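Each chain, letter by letter, is given below.
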Amino acid sequence: MRLVTLRQFGISVALGSCLALGCGGEKSETPEAAPGSAAAPAGAAPGAPTAIPPVDDVWITELPANFPDDVPQYPGATVVKARPTFEEGIVVGFSTSDDPVKVANYFADALAAKGWSTNRVDAPEGIMLFADKGDRSATYGVATADGATQIDLLVIEMR
């Protein structure tokens, strides 16, 4: 078994947290105020929203304009969630009907062809691919959910 570096572990925890906390999940029509935000207007119910959520809290269903050319996308996969802007990196979720192993194999080959070094971790819950290139890292999570193969991608730049 390969040892996962601390950085890779941190990335997988961040990606897992993003997935577990509802990245791409259904949004409430009335988002709750973030901790430390301005107080609700006088007469507002406790916990009532105080402002429009920042752009970073908005999910779109198309590839972000700043998506890197050297980060592989699975052919024919549909973008199901993406952040239009994200200071720390890019977050995109894709869906395909192809087998998860086929999808993970594609990414391992495509990343290597584009100059990324990779580490693959297979688990009963799914497959994680960790990739590094220069000052960037990409983490792909590939798993089956709701009868489809879900691909979650996080690309970050180390500063």
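The structure displayed is predicted, hence computed values, not measured ones.

Criteria and cut-off values
Residues numbered from 1 in each chain as written. Predicted model: local features only at pLDDT ≥ 70, side-chain atom pairs only at ≥ 80, totals over all residues. Heavy atoms only, no water. Helix = DSSP H or I, 4+ residues; strand = E, 2+ residues; numbered from the N terminus. Expected span 1.5 Å × (residues − 1). Buried < 20%, exposed > 50% of the residue type's maximum accessible area, 1.4 Å probe, protein only. Contact = heavy atoms within 4.5 Å. Polar contact = N/O pair within 3.5 Å; in protein donor to acceptor, adjacent residues only side chain to side chain. Core = buried A, V, L, I, M, F, W, Y, C linked by side-chain atoms within 4.5 Å. pLDDT = per-residue confidence, 0-100. Pairing = 2+ DSSP bridges. Axes fitted to C-alpha atoms, helices over the stretch in contact; angles between N-to-C directions.

1. Some words on helix H2 (residues 100–113)
Okay, step 1: For H2, with 14 residues, the first-to-last C-alpha span of 20 Å sits near the 20 Å given by 1.5 Å per residue.
Okay, step 2: The complete set of buried residues in H2 reads Pro100, Val103, Ala104, Phe107, Ala108, Ala110 and Leu111.
Okay, step 3: Summarising the contacts, the buried residues of H2 are in contact with strand E2 (89–96), strand E3 (117–123), strand E4 (126–133), strand E5 (136–145) and strand E6 (148–157).
Okay, step 4: Near the N-terminus of H2, the side chain that reaches the backbone nitrogen of Val101, with its oxygen 3.0 Å away, is that of Asp99.
Okay, step 5: Where H2 terminates, the next one or two residues include Gly115, which has phi positive at roughly 90°.

2. Notes on the nonpolar core
Okay, step 1: Residues Phe107, Tyr140, Ile151 and Leu153 are the most contacted members of the largest nonpolar core, which totals 24 residues.
Okay, step 2: Broken down by element, the residue count for this core peaks at five residues, all from H2.
Okay, step 3: Excluding anything up to four places from it in sequence, Tyr140 contacts Val71, Pro72, Phe107, Leu111, Ile127, Met128, Leu129, Ile151, Asp152 and Leu153.

3. Considering the confidence of the model for the protein chain
Close reading of the predicted structure is inappropriate where its pLDDT is low.
Okay, step 1: Scored by pLDDT, the protein chain has a mean of 76; 62% of the residues are at 70 or more.
Okay, step 2: Considering only residues more than four positions removed or in separate chains, one finds that residues 1–15, a stretch of pLDDT under 50, has 23 contacts.
Okay, step 3: Ignoring residues within four places in sequence, the model shows residues 17–41, a span with pLDDT below 50, making 23 contacts including any to other chains.

4. A short note on the sheet that holds E5
Okay, step 1: One open sheet holds the six strands; their spatial order is E1-E2-E6-E5-E4-E3, and the pairing between them is antiparallel. At either margin of the open sheet sits one strand with a lone partner, and together these are strand E1 (78–82) and E3. Strand after strand, the sheet turns through a mean of 20° between neighbouring axes, direction not considered.
Okay, step 2: Bridge count for E2 against E6 is eight bridges, and the pairing is antiparallel. The residue of E6 that forms the bridge with Val92 is Leu153.
Okay, step 3: Sheet strands in contact with H2 are E2, E3, E4, E5 and E6, and its direction is about 10° off that of E4.

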